[in-house]
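Report on the structure
Below, each chain spelled out in residue letters.
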Amino acid sequence: MNIDGIEFDDSGLTPKVGDEQLEWLRPGFTASEHPIDAAVTWATDIATQVHMVWPAVRDGELEPPPVQHVLDRLVRSRIAGESAEIEAELVLRPDPGTVAVVHRLPACDFCQQACVERPARYDSTIQGQSSGMANMCGEHYMEYAPRRLGLGEGQYLMTSDEVPAAVYEAEERALEYWAPMLGT
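Residue positions within a chain follow its written sequence, with the count starting from 1. Since the coordinates come from a predicted model, pLDDT governs what is reported: local features require at least 70, and pairs of side-chain atoms require 80 or more to be given and counted, while whole-chain, interface and lining totals use all residues. Computation of side-chain values: all heavy atoms of the structure, hydrogens and water removed.

1. Remarks on helix 4 (residues 84-91)
Exposed residues in this analysis have more than 50% of their type's maximum accessible area, buried residues have under 20%, and partly exposed residues fall in between, with area computed by a 1.4 Å probe over protein chains only. Each helix is a run of H or I in the DSSP string that is no shorter than four residues. Each strand is a run of E no shorter than two, and both are numbered from the N terminus. Taken together, the buried positions of helix 4 are Ile-86, Glu-89 and Leu-90. In a view along the axis of helix 4, the buried residues occupy a sector of 100°, so they form one face of it. Away from its buried face, by an angle of more than 90 degrees, helix 4 presents the exposed residues Ala-84 and Val-91. The contact criterion used throughout is that any non-hydrogen atoms of two residues lie within 4.5 Å. Contacts from the buried residues of helix 4 go to helix 3 (67-79) and helix 7 (165-182). Arc, as used here, means the arc of the directions from the helix axis to the C-beta atoms.

Below, the structure is given as structure tokens:
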């Protein structure tokens, strides 16, 4: 679908990973492999294939994820868990996980430590640490974050008021696409 010159998938999600891209993932367990270990490895490989990472910095400047990622997040939040058929479809579509739509932006954790109140634009892992996330303004994101967005990496934070009208229109159309599987 095309709304205001922006191309969106009819489902509202990122496009499916094609069978030709997944062919190498077909299980080919050998008799010498432990079946549970082989199955876990196979499932992990599939999860890795549909994992997306978005470079949050381009030419030294912060760049938010595309509006298609915003739409994907909104649609997933509306349809996830509604049926086994939908869950099967969601597994086949990469989940960008690069955007979180929030009611209001939280404060930057690093600015707050310095007794400064600045809104955070990112919820991200902290570079060089094996665990831990922090809400960060753009300046602290550039200083402390690995500069990648996606599941397990971090999210770009935006309020529902910042979501473009075209994305909300595409969301309504996408829900029509999913309506037969939702039973509506």
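Next comes the rest of the description.
2. Considering the pattern of salt bridges
When a carboxyl oxygen of Asp or Glu lies within 4 Å of a side-chain nitrogen of Lys or Arg, that pair is called a salt bridge. Under the counting rule described, the total for this entry stands at eleven salt bridges. Measuring nitrogen to oxygen at the nearest pair gives 3.2 Å for the salt bridge that ties Arg-118 to Glu-139. In this pair, Arg-118 sits in the loop between helix 5 (109-113) and strand 7 (122-125) while Glu-139 sits in helix 6 (residues 138-144), placing the two residues 21 residues apart along the sequence. Overall, Arg-118 belongs to the partly exposed group, its relative accessible area being 31%. We classify Glu-139 as partly exposed; its relative accessible area is 48%.

3. Quick notes on the confidence of the model for the protein
Do not read the fine detail of predicted coordinates wherever pLDDT is low. Think of pLDDT as the predictor's per-residue confidence, scored from 0 to 100. Taken residue by residue, the protein gives an average pLDDT of 84. The fraction at 70 or more is 80%. Between residues 21-26, whose pLDDT stays under 50, and residues either more than four places distant or in other chains, the model counts twelve contacts.

4. Quick look at the packing of helix 3 against helix 7
The interhelical angle for the contact between helix 3 and helix 7, taken along N-to-C directions, is 40°, at an axis separation of 10 Å. Between helix 3 and helix 7, the crossing angle belongs to the class labelled oblique. The hand of the helix 3/helix 7 crossing is right-handed. Across from Val-67, Val-70, Leu-71, Leu-74, Val-75, Arg-78 and Ile-79 in helix 3, the residues of helix 7 making contact are Val-167, Tyr-168, Ala-170, Glu-171, Glu-172, Ala-174, Leu-175, Trp-178 and Leu-182. The residue inventory of the contact of helix 3 with helix 7, partitioned by class, reads 13 nonpolar, no polar and three charged. Helix axes are fitted only over the stretch in contact, all axes being lines through C-alpha atoms; the angle between N-to-C directions runs from 0 to 180 degrees. Geometric relationships in this document are graded by angle, where less than 35 degrees denotes roughly parallel, more than 145 denotes roughly antiparallel, 65 to 115 denotes roughly perpendicular, and other angles denote oblique. The handedness criterion is simple: a crossing whose near helix is rotated anticlockwise from the far helix by less than a right angle is left-handed, and one whose near helix is rotated clockwise is right-handed. Three categories are distinguished: nonpolar for Ala, Val, Leu, Ile, Met, Phe, Trp, Tyr, Cys and Pro, charged for Asp, Glu, Lys and Arg, and polar for the others, with Gly belonging to the last.

5. Digging into the sheet that holds strand 6 (residues 99-102)
The pairing criterion for strands is at least two bridges between them, as found by DSSP. One open sheet accounts for four strands, arranged 6-10-7-8; its pairing is mixed. In this open sheet, the two strands that pair with only one neighbour each are strand 6 and strand 8 (133-136). Ignoring strand direction, the axes of neighbouring strands in this sheet form an average angle of 25°. Of the pairings in the sheet, the one linking strand 6 to strand 10 (residues 154-159) comprises four bridges and is parallel in character. Among the inter-strand pairings, Val-99 is bridged to a residue of strand 10, identified as Tyr-156. This element, helix 3, spans strand 6 and strand 10 of the sheet and lies at about 60° to strand 6.

6. With respect to the side chain of Arg-76
Looking at where Arg-76 falls in the secondary structure, it is placed in helix 3. Setting aside its immediate chain neighbours within four residues, Arg-76 contacts Leu-13, Thr-14, Leu-90, Arg-93, Pro-94 and Asp-95.

7. Details of the packing of aromatic side chains
Centres within 6.5 Å make a pair out of two Phe, Tyr or Trp rings, where for Trp the six-membered ring is used; the pair is then stacked when the planes are under 30 degrees apart, edge-to-face when over 60, and tilted otherwise. Overall, the coordinates contain four aromatic pairs when judged by the stated rule. Measuring from centroid to centroid gives 3.9 Å for Tyr-122 and Tyr-141, while their planes differ by 15°, and the two rings are stacked. Highlighted residues: Tyr-122 in strand 7 and Tyr-141 in helix 6, separated in sequence by 19 residues. This pair shows no difference in class: Tyr-122 is buried, exactly as Tyr-141 is. Taken together, a centroid distance of 5.1 Å and an interplanar angle of 80° make the contact between Tyr-177 and Trp-178 edge-to-face. Judged by relative accessible area, Trp-178 falls into the buried class, the value being 0%. Among the aromatic side chains, those forming a connected cluster through ring pairs are Tyr-122, Tyr-141 and Tyr-156.

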